[in-house]
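# Topology and contacts: notes
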Amino acid sequence: MDIKAYLQRVNLTDTAPPSISALRELHRHHVHSVPTGSLSIHSGENIILDIPWIYNKIVVRRRGGFCYENNGLFLWVLQQLGYKTQVLSAKVKNIFTGIYGPPFEHLILTVDLEGRRWLCDVGYGEGIVEPFPLEDGWEEEQDSGVYRLRVEGDEWFMERKEEEVWRSLFKFTLEEKKFEDFQEMCEYHQTSPSSVFVQKSFCSLQLPNARLTYMGHRLISTQYTKGGGSVKTTQELTEEEIPSLLNDKFGIVLNGKLIPKDENIVIPNHLQSDCSSMPDLNTYLQRVGLPEFVEPSMQPSLPGLRALHRHHLLSIPFESLSIHSGEKIHLDICWIYEKIVLRKRGGFCFENNGLFFWVLQQLGYQPRIISGRVRDKVSGDYTPPLSHMLLMVELEGRRWLCDVGFGEGIFEPFPLEDGWEEEQDSGVYRLRVEGDLWYMERKEEEVWRSLFKFTLEERIYEDFRDMCENLQTEPNSFFVCKSFCTLQLPHGRLTYMGHRLISTEYTKGGEKVKTTQELNDEEILSVLRDKFGIVLSGKLIPKDG
């Protein structure tokens, strides 16, 4: 192995003695020259946790690799150049469940230099471009985004800012590890059906202020903007185009035949380490009154999707009671399943649509998550990005909007078509498009009122974590200001709010008739139990601010 050959591989002719400026240059040139990816797994090549083998693959054969390869090689380089290094183990946060993976899932490095400790990571994908000061609360904008480190006890959290929301990438401790400690997880990520590296054939390379990614049959170009924003464009690829694209864009020529793969990352259906209950599809179907929903009716179909959507809304309330009874809401599918399915509660959009997303995945619908901004009835202003989560399903040649977490929203899946107008049991709705913004509107007394607006940009469940926290704690949040629970009925709605029980009957053309009953504190709990089937574990503090 030759350090000069490595320097040539990362487009450096030489490097200075150890210093922070030299380390920055090495780190930046590595991520700009060596892709991260999973192509070995999809072209018949076994990855070996051995530095000479990795050197041959990345330096001689001019390939890339995942974290064990990229950071393993970078460890050797730093050692050759006289840097004082340590190997650490990180747990990556699952973008759907919010659960962190097992130990040794991600390999990272630290370097002691110039009186400070620096985090180095050239094997994460959308991670840091330059070494990052290992200091609690440090925030820094780099070419690939805005990052910060946060400490809780002995755990460090690496976070990335996306549209003003901090998303955790991984967490780690400062306990030193050895390169060999990652052998088992290196094997796991090559063979387990649950591994993202097995589920997707991909190759991703950092560019100045941008990133280029091949995945499955797509080429994705990402342009980073100031403050953590990004703009993505996607090009569809045929199988014949992929090899030449890998050669032209990434400088990669594979020895074996690539089998492109881009499976949906399905939320695991097995018990997670911090789940107290195993999600079970049949138990959910019983919860929503569809115990007979079995093969062949479980095959994806529009009648099946309509039945699921309608029965969810008729069985599971939209509610904020957790916030007013001392229960913290967690953006975690296992926790939400236990709350809604086993404890027979309801929830707000992140809970209801999060659970519905899992259900649709289990049934093969391949749903996608999108983000909405809700319109305030009083001010007319829209809430911040990521304040409403909804779903989109492609089925029978059309796209359908699904939303079981809004309150007075659609009763059945709604065709995603500009100008589409439809009367459902819960009212009359239409979709309207302005530029790339879609508006969901509801007809009330012959006037169209906007409920929320959204774009079709695909999101991940994890994107909503900070907003889930915000809506539980922000004093101006609707969910903090009002204790409520509302359930869709055939042609009507029943709503508890504060000290009131409101019965709404929908009539033709979007009209409605409301009746209100005042409640005292003693009556509220019996109303929740008798009308909504809800028994709270904590003391409810009614609120209608």
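Before any of the text, the structure's been laid out above.
Worth saying up front: this structure is predicted, and the values here are computed from it rather than measured.

Moving on: the overall build of the chain. Each helix and strand counted, the chain has 14 helices and 26 strands in total. What you see for the chain is a C-alpha radius of gyration of 26 Å, in line with the 24 Å of a compact globule of 545 residues. Along the longest, intermediate and shortest principal axes, the C-alpha atoms of the chain span 80 × 50 × 40 Å. Across the chain, the centroid of the 61 positively charged side chains sits 1 Å from that of the 81 negatively charged ones.

Attention now moves to the nonpolar core. In terms of nonpolar packing, the biggest core is built from 53 residues, with Y284, L308 and F350 touching the most fellow members. Listing elements by their share of this core, those giving two or more residues are α8 (281–287), α9 (302–315), α10 (333–342), α11 (349–362), β16 (388–395), β17 (398–402), α12 (465–473) and α13 (478–481). Top element by residues in this core is α11. It accounts for eight residues. When residues no more than four places from it in sequence are discounted, the contact partners of Y284 are L308, H312, I316, V341, L355, F356 and V359. With 46 residues, the next largest nonpolar core counts L12, C67, L107 and V198 among its residues.

Before going further, it helps to examine the layout of surface pockets. Taken as a whole, the second largest pocket encloses approximately 1,200 Å³ of empty space. Contributing to the lining of the second largest pocket are 40 residues, with F318, V374, R375, K377 and F478 lying nearest its centre. For the lining of the second largest pocket, the residue count by class is 15 nonpolar, twelve polar and 13 charged.

The next point concerns the pairing of strand β25 (residues 500–506). Note: strand β24 (residues 492–497) against β25, six bridges, orientation antiparallel. When the bridges of β25 are listed, R493 appears paired with T504. Hairpin connection between β24 and β25: a loop of two residues separates the two successive antiparallel strands, and G498 in this loop has a positive phi of roughly 65 degrees. Relative to strand β26 (residues 512–518), β25 runs antiparallel, the two being bridged by seven bridges. If you follow E505 over to β26, its bridge partner there is V513. Once β25 ends, the chain turns through five residues before running back antiparallel as β26, passing G509 with a positive phi of about 80 degrees.

Further remarks concern the packing of aromatic side chains. In this structure the tally under the stated criterion is 22 aromatic pairs. Note on F350 and F464: the rings are 5.6 Å apart at their centroids and 45 degrees apart in plane angle, and the pair reads as tilted. Pair noted here: F350 is in helix α11 and F464 is in the loop between β22 (447–454) and α12, with a separation of 114 residues, a long-range link. Residue class for F350 comes out buried when judged on its relative accessible area of 0%. Seen from their ring centres, F478 and F484 are 5.3 Å apart, and the 50 degrees between their planes marks the pair as tilted.

What follows is about the side chain of Q472. Inspection of the secondary structure puts Q472 in helix α12. Reaching out from Q472, the side chain makes a polar contact with the backbone nitrogen of I329 at a distance of 2.8 Å. Within the structure, the side chain of Q472 is placed 3.1 Å from the backbone oxygen of C468, a separation counted as a polar contact. Residue contacts for Q472: discarding those within four places in its chain leaves I323, K328, I329, F348 and V480.

Bringing the sheet that holds strand β11 (residues 210–215) into the picture now. Taken together, five strands build an open sheet; the order of strands is β1-β10-β11-β12-β13 and the sheet is antiparallel. Each end of this open sheet is capped by a strand with a single partner; those strands are β1 (36–37) and β13 (230–236). Sheet topology places strand β10 (residues 202–207) next to β11; six bridges connect them, and they run antiparallel. Bridging across to β11, C203 finds its partner in Y214.

Let's shift gears to the environment of P300. Counting through the fold element by element, P300 comes out in the loop between α8 and α9. When the C-alpha atoms of P300 and G509 are compared, they prove to be 31 Å apart, with 209 residues separating the residues in sequence.

What follows is about the pairing of strand β3 (residues 106–113). Counting buried positions along β3 gives seven out of eight residues, so the element sits mostly inside the fold. Where strand β2 (residues 84–92) lies against β3, seven bridges are found, and the strand directions are antiparallel. Within β3, the residue paired with K84 across the bridge is D112.

It is worth spelling out the packing of helix α3 (residues 51–60) against helix α4 (residues 67–80) at this point. Running from N to C, α3 and α4 point in directions that differ by 105 degrees, and their axes come no closer than 9 Å. Judged by the inter-axis angle, α3 sits roughly perpendicular to α4. Residues I51, W53, I54, Y55, K57, I58 and V59 of α3 form the contact with α4, whose participating residues are Y68, E69, N70, G72, L73 and W76. Residue composition of the contact of α3 with α4, grouped by class: nine nonpolar, two polar and two charged.

Secondary-structure assignment places N71 in helix α4. Residue classification places N71 among the buried positions, given a relative accessible area of 0%. Not counting residues up to four positions away in its chain, the partners in contact with N71 are H106, L107, I108, L109, C120, D121, V122 and G123.

Next up on the list: helix α7 (residues 241–250). Those residues of α7 not exposed but buried are I242, L245, L246 and F250. Projected onto a plane normal to the axis of α7, the buried residues spread over an arc of 100 degrees and lie on a single side. Across α7 from its buried face, at more than 90 degrees, point the exposed residues P243 and D248. Summarising the contacts, the buried residues of α7 are in contact with β10, β11 and β12 (218–224).

Tracing the chain through its elements places G409 in the loop between β17 and β18 (414–415). As a C-alpha pair, G409 and V428 span 19 residues in sequence and 9.7 Å in three-dimensional space. Ignoring sequence-local partners within four residues, the contact set of G409 consists of S426 and Y429.

Scoring rules and cut-offs
Residues numbered from 1 in each chain as written. Predicted model: local features only at pLDDT ≥ 70, side-chain atom pairs only at ≥ 80, totals over all residues. Heavy atoms only, no water. Helix = DSSP H or I, 4+ residues; strand = E, 2+ residues; numbered from the N terminus. Rg over C-alpha atoms; globule rule 2.2 N^0.38 Å. Lys, Arg positive; Asp, Glu negative; His and termini not counted. Charge placed at Lys NZ, Arg CZ, Asp CG, Glu CD. Core = buried A, V, L, I, M, F, W, Y, C linked by side-chain atoms within 4.5 Å. Buried < 20%, exposed > 50% of the residue type's maximum accessible area, 1.4 Å probe, protein only. Contact = heavy atoms within 4.5 Å. 1 Å grid on protein atoms, 1.4 Å probe; cavity = no way out; pocket = protein on both sides within 12 Å on 5 of 7 lines; lining within 4 Å. Points joined across faces, edges and corners; volume = space filled by probe spheres on them. Nonpolar A, V, L, I, M, F, W, Y, C, P; charged D, E, K, R; others polar. Pairing = 2+ DSSP bridges. Phe/Tyr/Trp six-rings, centres within 6.5 Å; stacked < 30°, edge-to-face > 60°. Polar contact = N/O pair within 3.5 Å; in protein donor to acceptor, adjacent residues only side chain to side chain. Axes fitted to C-alpha atoms, helices over the stretch in contact; angles between N-to-C directions. Parallel < 35°, antiparallel > 145°, perpendicular 65-115°, else oblique. Arc of directions from axis to C-beta.

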